[in-house]
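# Report on the structure
Given next are the chains, with one letter for each unit.
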2 protein chains.
Amino acid sequence: MPITGTQLIGRQNIPGTGGEFHAYNPATGETLPVVWRGASAQQVDQAVKLALDAFPIYRETSLAQRATFLEAVAQAILDLGDELITRTMQETGLPKARLEGERGRTVNQLRLFARVVRDGDWLDARIDHALPDRKPAPRSDIRTRHIPVGPVAVFGSSNFPLAFSVAGGDTASALAAGAPVVCKAHPAHPGASELVGQAIRSAVQQCKLPEGVFSLLAGPGNELGTALVSHPGIQAVGFTGSRRGGVALMQAAAQRPVPIPVYAEMSSTNPVYLLPGALAARGEDIAHKFVASLLGSAGQLCTNPGLIIALDSPELDQFIQIATSGVQAAPAATMLTTGIAQAYQHGVDQLLAHPGVQTLARGQDAEIAAPCQANLAITTAQAFLADPDTLGAEVFGASSLVVRCTSTDEFLAIAQAIEGQLTATLHLEPGADDALVARLIPTLEVKVGRILANGFPTGVEVCDAMVHGGPFPATSDGRTTSVGTLAIRRFLRPVCYQDIPDNLLPVALQAANPWNIHRAER
Amino acid sequence: MPITGTQLIGRQNIPGTGGEFHAYNPATGETLPVVWRGASAQQVDQAVKLALDAFPIYRETSLAQRATFLEAVAQAILDLGDELITRTMQETGLPKARLEGERGRTVNQLRLFARVVRDGDWLDARIDHALPDRKPAPRSDIRTRHIPVGPVAVFGSSNFPLAFSVAGGDTASALAAGAPVVCKAHPAHPGASELVGQAIRSAVQQCKLPEGVFSLLAGPGNELGTALVSHPGIQAVGFTGSRRGGVALMQAAAQRPVPIPVYAEMSSTNPVYLLPGALAARGEDIAHKFVASLLGSAGQLCTNPGLIIALDSPELDQFIQIATSGVQAAPAATMLTTGIAQAYQHGVDQLLAHPGVQTLARGQDAEIAAPCQANLAITTAQAFLADPDTLGAEVFGASSLVVRCTSTDEFLAIAQAIEGQLTATLHLEPGADDALVARLIPTLEVKVGRILANGFPTGVEVCDAMVHGGPFPATSDGRTTSVGTLAIRRFLRPVCYQDIPDNLLPVALQAANPWNIHRAER
């Protein structure tokens with residue numbers, strides 16, 4: 001399938017009229033084929049209007065029809081074959097195995113949402129039957145289902161060019177909810193984005209859905225995103241990216257004449273607590289696994305372990321020694337873009353310039369256009385608590401800061417001082433560490449979306465119980481998750497039908513229950 | 001129980017230090033006993049800090065314990081006896097029967113949330129069991145429950161001094177979620193508020209809960225509310241009131257360093273469609289019931305029928321004639337405050353000054369401090385569509401505007417032109433009106449929270465399937481409801497526990513399922 005460099009607006013390929021841009025290879029710096037021109041405000045309007053046209057039809061597709069569509073999207077992505085993997089490798093510098101794994105995750109995620117759509121629990125159908133004889137007043141027949149909020153704007157992420165981009169978790173959950181999607185491709189991988197966009201479009205056509213169910217826009221700067229979020233037809237926003245970018249979208253959405261929800265997954269340092277019992281029992285093993293978690297994907301993961309918190313002890317010294325060796329030996333890695341590499345370098349420089357921070361190890365350097373030289377540093381709990389905003393700030397990339405504590409009270413104080421996080425990790429030894437963990441959990445659970453034990457936060461399972469969310473600034477809305485089946489709730493709202501004749505009710509609420517879904521009845 | 005005129009901060013009664021204010025009788029204008037002084041910023045801080053202290057304990061109360069507490073609050077309100085009704089009548093001008101009914105609603109609402117707490121579905125507990133042998137990678141044990149977001153600020157409404165005030169739907173659902181509440185009393189009924197606040201406090205003590213579970217602050221102006229919403233310890237806001245007030249809170253919450261959700265139920269004109277078949281079959285009956293719905297509580301209900309949309313016809317003329325007589329005969333009513341009465345008069349004046357609007361009827365006038373003279377006016381669909389913002393704006397009180405249409409296309413156009421609403425009503429004749437209704441519903445359901453047939457939107461049932469919400473400006477967040485059991489979701493967020501040892505898991509997720517709740521397991 002050729003990459004055209006055009007905007008995919010419904011079934012049309014329309015050249016942009018804005019500034020020119022192109023992809024480049026972050027390992028070599030070389031320019032990749034195909035030149036795009038950015039989408040215009042008029043093209044945003046065109047895509048959103050098509051989405052609005054599609055909305056009443058798409059949201060009333062049957063469960064089977066919508067699930068089949070999601071499965072068709074998954075298959076169409078697989079049908080892109082190696083071309084997708086090759087182009088994505090070129091555009092992102094990510095290795096083949098990682099991208100093949102990510103494609104599998106993307107496809108499985110679409111299939112998981114097909115299952116969610118089919119079972120219909122997402123409708124949260126509720127029926128309070130009429131009570132005509134109730135005193136002092138009769139009760140009406142009252143029924144509720146959930147409907148999608150309307151067209152959704154999805155912003156592709158830089159770091160998951162497949163699983164959090166054009167057909168990623170936001171798009172899959174919005175489409176599952178019955179919401180048309182207007183996606184903004186991440187400008188660092190416009191080719192991979194267009195290929196996936198073409199796959200979604202082919203599934204739309206194959207399933208005979210209205211063309212406006214999906215459009216893909218591309219542009220180099222912030223104007224396109226602002227135009228999209230400001231368009232009155234857009235009813236919600238899904239975003240994965242930087243804190244600055246997410247907060248800008250939150251503000252744009254709050255300032256609209258009709259404000260809309262923004263689901264932005266933004267920034268997290270993912271504190272990892274090494275409890276004394278665990279350090280004593282298997283500190284060496286934890287150290288090796290920590291280094292692997294830190295270095296994977298050049299640390300460009302929202303759940304990268306950016307803070308290690310431990311009590312001063314010989315076991316901690318041993319942990320630090322192993323981790324230091326591991327980081328020193330780390331080959332230079334290719335980051336996603338030169339901009340991200342520069343921001344990483346800037347973040348590391350700032351961290352290391354802090355008077356309370358000492359360098360433990362830097363990884364290898366190499367001639368790479370967008371290089372990541374790993375970083376491990378150390379500070380004291382006292383220094384951290386004196387300046388948690390600076391020392392707790394996310395450095396996006398393979399950088400981590402060990403916080404040496406002199407008391408368990410400092411453990412608690414750090415948990416209290418940190419901002420909202422996606423995750424917190426506890427390396428614990430059952431029994432030995434219980435008392436301390438029992439004190440930590442109540443503090444951590446109000447700060448994070450996920451608490452995990454004896455593992456690392458990277459590698460987020462896509463399942464029913466996953467929460468990839470957390471209080472601000474981890475996300476814009478700590479009541480939600482962007483990974484797992486609960487993500488569908490972000491794009492739904494309840495509508496109540498009172499005493500509506502059965503033949504005029506939506507299928508989900510009709511007396512015969514034609515879809516055979518679970519309904520809470522009283 | 002004496003009314004003290006103090007701030008109820010945890011178990012203490014503390015005199016305010018701000019401006020003096022007092023309640024007055026809106027029928028007579030007379031000043032009512034007890035002088036309050038407004039809560040200071042320091043008192044806000046004191047109440048929120050107590051709430052933060054209470055939060056870790058209160059949120060981990062057992063289901064039985066928390067349900068028992070809600071029932072104790074209900075009983076303590078009943079135990080206030082006639083004193084509550086008498087004082088509330090004096091402060092609001094609302095009649096005894098209405099207030100006794102509202103007290104019943106308030107008490108039943110608390111008991112309903114006790115049932116919700118006990119059955120535990122609100123936890124939305126999910127368990128994805130470990131799959132150690134899964135290829136290519138094993139799956140961890142992943143469990144999720146919902147926890148409350150943190151202390152909640154509740155703003156008492158003016159128009160439901162019991163059911164949407166100190167122990168109303170927002171407080172009941174927040175307490176059910178496990179969130180401590182800091183309530184701001186509505187300054188128009190501080191005495192009723194304090195009595196109910198004392199009842200909640202006595203239940204807190206009786207149930208041996210931390211005192212910070214509930215505090216009640218009072219103040220005359222906007223400073224108190226702003227201080228409360230801006231306090232970093234507050235994590236969500238419940239509000240019922242004007243659009244201007246709600247939007248101000250939304251903006252204050254969005255501008256915090258850590259933004260928080262605001263659930264504001266604000267403004268709605270509640271369009272009522274009279275379909276031709278229904279008008280022909282029973283226009284007279286509909287007209288009588290419309291007048292009753294319009295005039296009840298001096299029209300001071302969020303679901304008051306403010307717009308009547310119908311096709312030009314002899315049947316419509318008859319409807320108008322009956323409604324006109326009904327409104328002309330309406331005795332002058334007492335509004336809640338002189339401010340509300342002035343705003344009502346201003347709203348009616350503006351409406352009647354519009355060149356496209358003709359007066360049909362004004363109700364009776366009388367010597368009342370806060371009078372409501374009912375109003376019925378008429379316009380054409382053409383005029384409405386030329387200026388939907390003005391003619392569709394809520395006039396809070398017993399005022400309604402008939403929109404005469406010349407075609408069913410105008411029906412649809414009006415549905416498209418209106419802003420977000422709490423409700424839309426369809427008076428329809430099964431069969432005869434089906435085709436038109438089937439066209440209206442898809443347009444209306446994206447604009448409203450509840451669509452009802454052959455009734456009036458006033459009289460909102462408190463049940464599992466109720467949605468008292470709707471897109472902006474009906475509310476700040478169309479994904480939620482402020483009435484019915486779904487209201488609890490507003491104050492919850494999911495937290496995920498991965499590979500946490502069983503003895504360290506929250507009770508709701510432990511292997512033995514000690515609370516015997518429903519959990520979605522895979």
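Residues numbered from 1 in each chain as written. Chains lettered and ligands numbered in written order. Predicted model: local features only at pLDDT ≥ 70, side-chain atom pairs only at ≥ 80, totals over all residues. Heavy atoms only, no water.

## Let's talk about the overall build of chain A
Stated precisely, the cut-off is as follows: Only runs of H or I of at least four residues qualify as helices and only runs of E of at least two qualify as strands under DSSP, and these elements are numbered from the N terminus. In this description the radius of gyration comes from C-alpha coordinates, and the expected globular size is given by 2.2 Å times residues to the power 0.38. Two residues qualify as a contact provided that any one of their heavy atoms is within 4.5 Å of a heavy atom in the partner residue. With residues, only the protein chains shown are counted as cover, and all accessible areas are computed by Shrake-Rupley using a 1.4 Å probe. In this tally, Lys and Arg are treated as positive and Asp and Glu as negative; His is ignored, and so are the chain termini. Charged groups are reduced to one reference atom each: NZ for lysine, CZ for arginine, CG for aspartic acid, CD for glutamic acid.
Along chain A, the regular secondary structure elements total 15 helices and 22 strands. For 522 residues, the compact-globule formula gives about 24 Å, and the C-alpha radius of gyration of chain A, at 24 Å, lands near that figure. The C-alpha extent of chain A, read off along each of the three principal axes, is 75 × 65 × 40 Å. Across chain A, contacts joining residues at least 24 apart in sequence account for 77% of those joining residues at least 6 apart. About 17,500 Å² of surface is accessible on chain A, with carbon and sulfur atoms providing 53% of the total. For chain A, the distance from the average position of its 38 positive side-chain charges to the average position of its 47 negative side-chain charges is 8 Å.

## Quick word on the sheet that holds strand β22 (residues 520-521) of chain B
Put simply, the test is: For two strands to be treated as a pair, DSSP must find at least two bridges joining them. Each axis is a line fitted through C-alpha atoms, taken for helices only over the stretch in contact, and angles between the N-to-C directions span 0 to 180 degrees.
Judged by pairing direction, the sheet is mixed, and its eleven strands sit side by side in the order β15(A)-β17(A)-β18(A)-β13(A)-β12(A)-β19(A)-β20(A)-β21(B)-β6(B)-β5(B)-β22(B) without closing on themselves. The outermost strands of the open sheet, each flanked by one partner alone, are β15 (358-362) of chain A together with β22 of chain B. One ladder, built from two bridges, connects strand β5 (residues 126-128) of chain B with β22 of chain B; its direction is parallel. When the sheet's bridge partners are listed, Ile127 of chain B is paired in β22 of chain B with Glu521 of chain B. Across the sheet, helix α11 (residues 338-353) of chain A touches β15, β17 (375-380) and β18 (399-405) of chain A, and the angle it forms with β17 of chain A is around 30°.

## Remarks on the packing of aromatic side chains
The following threshold applies: Pairing of aromatic side chains requires ring centres within 6.5 Å, counting the rings of Phe and Tyr and the six-membered ring of Trp. Pairs whose planes differ by under 30 degrees are stacked, by over 60 edge-to-face, and all others tilted. Burial status follows relative accessibility: with a 1.4 Å probe on protein chains alone, a residue under 20% of its type maximum counts as buried, one over 50% as exposed, and anything between as partly exposed.
Scanning the entire structure with this criterion turns up 16 aromatic pairs over all chains. The interplanar angle of 65° and the centroid separation of 5.2 Å between the aromatic rings of Phe160 of chain B and Phe164 of chain B together place this pair among those described as edge-to-face. The pair formed by Phe160 of chain B and Phe164 of chain B is uniform in burial state, with each residue classed as buried. Within the aromatic cluster, the residues linked to one another by ring pairs are Phe290, Phe319 and Phe456 of chain A.

## Quick word on the relation of the copies chain A and chain B
Spelled out, the test is: Superposition of the copies was done by least squares, using only C-alpha atoms of residues whose pLDDT is at least 70 in both.
Mapping chain A onto chain B is achieved by rotating through 180° and translating by 0.0 Å along the same axis, at an RMSD of 0.0 Å. What the superposition gives is, in effect, a two-fold axis relating one chain to the other. By C-alpha distance to the rotation axis, the residue of chain A lying nearest is Ala254 of chain A, at 3.6 Å. Of all interface residues in chain A, 100% are interface residues in chain B too; the two copies therefore contact each other through one and the same surface.

## Some words on the pairing of strand β11 (residues 262-265) of chain A
Residue and element names in this part refer to chain A. Under the convention used in this document: Handedness of a crossover: with both strands directed away from the viewer, a clockwise path from the first strand across the helix to the second marks it as right-handed.
Both faces of β11 are covered, namely the face carrying Val262 and Ala264 and the face carrying Tyr263 and Glu265. Bridge count between strand β10 (residues 236-240) and β11: four bridges; the pairing is parallel. For Gly238, the partnering residue across the bridge sits in β11 and is Tyr263. With helix α8 (residues 243-254) bridging β10 and the parallel β11, this β-α-β connection has right-handed handedness.

## Re the environment of Val204 of chain B
Residues and elements named next belong to chain B. Structurally, Val204 can be placed in helix α6 (residues 190-206). Judged by its relative accessible area of 3%, Val204 falls in the buried class. In sequence terms Val204 and Ala72 are 132 residues apart; their C-alpha atoms lie 8.4 Å from each other.

## What about the pairing of strand β3 (residues 20-24) of chain A?
Residue and element names in this part refer to chain A. Along β3, the buried face is formed by Phe21 and Ala23; none of Glu20, His22 and Tyr24, which line the opposite face, is buried. Relative to strand β4 (residues 31-37), β3 is paired through four bridges, and the arrangement is antiparallel. Across the sheet, residue His22 finds its bridge partner in β4, namely Val35. The hairpin formed by β3 and β4 contains six residues between the paired strands, and Gly29 there has a positive phi angle of roughly 80°.

## Some details on the confidence of the model for chain A
Put simply, the test is: Confidence of the predictor in every single residue is expressed as pLDDT, which spans 0 to 100.
Confidence along chain A averages 97 in pLDDT terms, with 100% of residues attaining 70 or more. Model confidence for the complex: the whole-complex pTM is 0.97, and ipTM, which rates the interface, is 0.97.

## Observations concerning the interface of chain A and chain B
Selection criterion: Once two parts are put together, the accessible area they lose, assessed with a 1.4 Å probe and summed over both, is termed the buried area. Within this document, salt bridges are pairs made up of a side-chain nitrogen of Lys or Arg and a carboxyl oxygen of Asp or Glu, the two lying within 4 Å of each other.
Contacts between chain A and chain B engage 69 residues on the former and 69 residues on the latter. The junction of chain A with chain B conceals about 5,400 Å² of combined surface from both sides, 54% of it contributed by carbon and sulfur atoms. Linking chain A with chain B are twelve salt bridges, by the criterion used here. The residue Asp124 of chain B makes a salt bridge to Arg489 of chain A at a minimum N-O spacing of 2.7 Å. Residue assignment for the side of chain A that touches chain B shows that the elements contributing at least two residues are α4 (96-119), β5 (126-128), β6 (142-148), α8, α15 (434-445), β20 (448-453) and β21 (492-498) of chain A. With seven residues, the single largest contributor to the side of chain A that touches chain B is β21 of chain A.

## A look at helix α14 (residues 408-417) of chain A
Listed in full, the buried residues belonging to α14 of chain A are Glu410, Phe411, Leu412, Ile414 and Ala415 of chain A. Those residues of α14 of chain A hidden inside the fold are in contact with β12 (271-274), β13 (307-311), α12 (381-386), β18 and α15 of chain A.

## Examining the packing of helix α2 (residues 63-79) of chain A against α4 of chain A
All names here are of chain A. Basically, it comes down to this: Geometric relationships in this document are graded by angle, where less than 35 degrees denotes roughly parallel, more than 145 denotes roughly antiparallel, 65 to 115 denotes roughly perpendicular, and other angles denote oblique. Polarity classes work like this: nonpolar for Ala, Val, Leu, Ile, Met, Phe, Trp, Tyr, Cys and Pro, charged for Asp, Glu, Lys and Arg, and polar for all others, with Gly in that last group.
Running from N to C, α2 and α4 point in directions that differ by 170°, and their axes come no closer than 8 Å. If you check the angle between α2 and α4, you find them roughly antiparallel. Contacts from Leu63, Ala64, Arg66, Ala67, Thr68, Leu70, Glu71, Val73, Ala74, Gln75, Ile77 and Leu78 of α2 reach α4 at Arg103, Thr106, Val107, Leu110, Arg111, Phe113, Ala114, Val117 and Arg118. Looking at the contact of α2 with α4, its residues break down into 13 nonpolar, three polar and five charged.

## Structural notes on the side chain of His231 of chain B
Inspection of the secondary structure puts His231 of chain B in the loop between α7 (223-230) and β10 (236-240). Apart from the residues lying within four places of it in its own chain, the contact partners of His231 of chain B are Val44, Asp45, Val48 and Arg256 of chain B.

## Details of helix α9 (residues 276-295) of chain A
Residues and elements named next belong to chain A. Convention followed: What a helix should span is 1.5 Å times the count of its residues minus one. To get the bend at a given residue, fit one axis to the seven residues ending there, fit another to the seven starting there, and take the angle between those axes.
Helix length check: α9, at 20 residues, gives a terminal C-alpha distance of 24 Å against a target of 28 Å (1.5 Å per residue), a shortfall beyond 12%. The largest bend in α9 comes to about 95°, at Arg282. Listed as buried for α9 are Gly277, Ala278, Leu279, Gly283, Ile286, Ala287, Phe290, Val291, Ser293 and Leu294. Elements in contact with the buried residues of α9: β12, β13, α10 (314-328), β17, β18 and β19 (421-427). Of the residues flanking the end of α9, it is Ser297, one or two places downstream, whose phi is positive at about 55°.

## Some points on the sheet that holds β5 of chain A
Taken in spatial order, the eleven strands of this open sheet run β22(A)-β5(A)-β6(A)-β21(A)-β20(B)-β19(B)-β12(B)-β13(B)-β18(B)-β17(B)-β15(B), and their pairing is mixed. The two strands at the open ends of the sheet, each matched to only one other strand, are β22 (520-521) of chain A together with β15 (358-362) of chain B. Here three bridges tie strand β12 (residues 271-274) of chain B to strand β19 (residues 421-427) of chain B, and the two strands are oriented parallel to one another. Counted as the bridge partner of Tyr273 of chain B is Leu426 of chain B from β19 of chain B.

## Digging into the pattern of salt bridges
A full pass over the atoms with the stated rule returns 47 salt bridges over all chains. The partner of Arg126 of chain B in a salt bridge is Asp124 of chain B, and the shortest N-O contact between them spans 3.3 Å. The pair Arg126 of chain B / Asp124 of chain B is uniform in exposure class, with both members buried. A network of salt bridges, in which partner residues are shared, links Arg59, Glu60 and Arg145 of chain A together with Glu445 of chain B.

## A few points about the side chain of Arg103 of chain B
Residues and elements named next belong to chain B. For Arg103, the location among the structural elements is in helix α4 (residues 96-119). Glu100 provides the closest opposite charge to the buried, salt-bridge-free Arg103, at an N-O distance of 4.6 Å. Among all residues touching Arg103, those that are not within four sequence positions of it are Ile77, Leu78, Gly81, Leu84, Ile85 and Leu162.

## Some points on the environment of Ala453 of chain B
Looking at the secondary structure, you find Ala453 of chain B in strand β20 (residues 448-453). According to the relative accessible area criterion, Ala453 of chain B is buried, its value standing at 2%. Along the chain, Ala453 of chain B and Ala64 of chain B lie 389 residues apart, while their C-alpha atoms are 39 Å from each other. Beyond its immediate chain neighbours, meaning those up to four positions away, Ala453 of chain B contacts Gln498, Asp499, Ile500 and Pro501 of chain A together with Leu426 and Leu428 of chain B.

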